[in-house]
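# Breakdown of the fold
These are the residues of each chain, in order.
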Amino acid sequence: IPLATNQIQLSLLYRHPLNNGLLQCCQDLGVQVLSYSPLALGMLTGKYTADNLPKGPRKKVFEKLNASPEYHDLLATMKTIAAAHGESVTLSQVALNWARAKGTIPIPGARTLSQVQKNYGALTWTLSPEEERVLDSASAKVSSFLQPSD
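The shown structure was predicted, so the numbers you read here are calculated from the model rather than taken from an experiment. Counting from 1, residues in each chain are numbered in the order their sequence is written. It should be noted that, the model being predicted, local features are given only for residues of pLDDT at least 70 and side-chain atom pairs only at 80 or more, the latter also being counted only at that level, while totals for whole chains, interfaces and linings use all residues. Values shown for side chains rest on all heavy atoms present in the structure; no hydrogens or waters enter the calculation.

### Regarding the packing of aromatic side chains
Heads up, the rule is: Aromatic pairs are defined between Phe, Tyr and Trp rings, using the six-membered ring for Trp, whenever the two ring centres lie within 6.5 Å; interplanar angles under 30 degrees are classed as stacked, those over 60 as edge-to-face, and all others as tilted. With a 1.4 Å probe rolled over the protein chains alone, any residue whose accessible area is under 20% of its type maximum counts as buried; one over 50% counts as exposed, and the rest are partly exposed.
One pass over the structure, following the stated rule, counts two aromatic pairs. Summarising the aromatic geometry, the rings of phenylalanine 62 and tyrosine 71 are spaced 6.3 Å apart at their centres and angled 85° between planes, so their arrangement reads as edge-to-face. No difference in accessibility class separates phenylalanine 62 from tyrosine 71, as the two residues are buried. Counting every residue linked through ring pairs, the aromatic cluster contains Tyr48, Phe62 and Tyr71.

Below is the structure:
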């Protein structure tokens, strides 16, 4: 039975499958990639701030990211791209469209109807190749997120 799908972590903050060749290998073999955690535990949504910290283990992850100027540069880039696509476009939609631009099917988590609706809104527009390139550049500079051990 041939492998049809592979579920891997992929986001603007976790680019390892791009760097180690896994995503390209899946594409070469015709294996559809489902990208889980495309919003990076909520770190790409813009909802967390120094005044609104996440709870539990995510708090440590956010504190490390929040201390990184490159993380803030990435969020600023995402905000610029979101604004270019309309007033209702969210950072989550930018992150989801980046995962789509990489040829994957993002599978974000959602806890509320509002989050589902906002995530669904990502399907109403796409990133330009230049926007994808700008996001690639900004995200490649952020090194303070979870790193693989291999």
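Having put the structure on the table, let's press on.
### Let's talk about the pattern of salt bridges
Threshold: In what follows, salt bridge is the name for a side-chain nitrogen of Lys or Arg lying within 4 Å of a carboxyl oxygen of Asp or Glu. Labels follow the DSSP assignment, with helices taken as runs of H or I lasting at least four residues and strands as runs of E lasting at least two, numbered in each case from the N terminus.
Enumeration according to the criterion identifies four salt bridges in this entry. With a closest N to O distance of 3.4 Å, arginine 15 and aspartate 136 form a salt bridge. Of this pair, arginine 15 sits in the loop between strand S1 (5–9) and helix H1 (16–19) while aspartate 136 sits in helix H7 (residues 129–140), and the two are 121 residues apart along the sequence. Classification of aspartate 136 by relative accessible area gives buried; the value is 18%. Its salt-bridge partner being lysine 102, residue glutamate 132 comes within 2.7 Å of it at the nearest N-O pair. Of this pair, glutamate 132 sits in helix H7 while lysine 102 is found in the loop between helix H5 (91–101) and strand S3 (105–107), placing the two residues 30 residues apart along the sequence. Considered together, glutamate 132 and lysine 102 belong to a single accessibility category, that of buried residues. Taken together, the salt bridges that share partners define one network made up of Arg15, Lys102, Glu132 and Asp136.

### Describing the layout of surface pockets
To keep things clear, this is the line we draw: Detection works on a 1 Å grid of protein atoms alone, calling trapped sets that fit a 1.4 Å probe cavities and calling open sets with protein on both sides within 12 Å along at least five of seven lines pockets, with lining residues defined by an atom within 4 Å of a point. Grid points are joined across faces, edges and corners, and a volume is the space filled by probe spheres set on the points. Under the scheme applied here, ten amino acids are nonpolar (Ala, Val, Leu, Ile, Met, Phe, Trp, Tyr, Cys and Pro), four are charged (Asp, Glu, Lys and Arg), and all others, including Gly, are polar.
Its volume calculated, the largest pocket comes out at about 510 Å³. Elements supplying a minimum of two residues to the lining of the largest pocket: H5 and helix H6 (113–120). Examining the composition of the lining of the largest pocket, we find that four residues originate from one element, H6, more than from any other. In terms of residue class, the lining of the largest pocket is made up of seven nonpolar, 10 polar and five charged.

### Side note on the packing of helix H4 (residues 69–84) against H7
Basically, it comes down to this: Note on method: axes are straight lines fitted to C-alpha atoms, helices fitted across the in-contact stretch only, with angles between N-to-C directions ranging 0 to 180 degrees. Just so you know how the angles are binned, under 35 degrees is roughly parallel, over 145 roughly antiparallel, 65 to 115 roughly perpendicular, and the rest oblique. Left-handed is the label given to a crossing in which the near helix is rotated counterclockwise from the far helix by less than a right angle, and right-handed is the label when the rotation is clockwise. Any pair of residues with heavy atoms lying within 4.5 Å of one another is described as a contacting pair.
Following both chains from N to C, one finds H4 and H7 inclined at 165°, their axes separated by 9 Å at the closest point. The orientation of H4 relative to H7 falls into the category roughly antiparallel. Crossing angle aside, the handedness with which H4 passes H7 is left-handed. Contacts between H4 and H7 pair Leu74, Thr77, Met78, Ile81 and Ala84 from the former with Glu131, Val134, Leu135, Ala138 and Ser139 from the latter. Residues that form the contact of H4 with H7 fall into these classes: seven nonpolar, two polar and one charged.

### Quick look at H7
Going by this rule: One less than the number of residues in a helix, times 1.5 Å, gives the span that helix is expected to have.
Across its 12 residues, H7 extends 16 Å between first and last C-alpha, which sits within 8% of the 16 Å expected from 1.5 Å per residue. Considering only its buried residues, H7 is in contact with H4 and H5.

### Remarks on the sheet that holds strand S2 (residues 32–36)
Put simply, the rule is: The criterion for strand pairing is that DSSP finds at least two bridges linking the strands in question.
An order of S1-S2-S3 is seen for the three strands of this open sheet, with the pairing classed as parallel. The open sheet has two edge strands with one neighbour each: S1 and S3. Averaged over all adjacent pairs, the angle separating strand axes in this sheet is 30°, with direction ignored. Here S1 runs beside S2; their pairing, made up of five bridges, is parallel. Residue glutamine 7 lies in a different strand from S2, and its bridge partner there is leucine 34.

Purely spatial values, then, with no claim about function.
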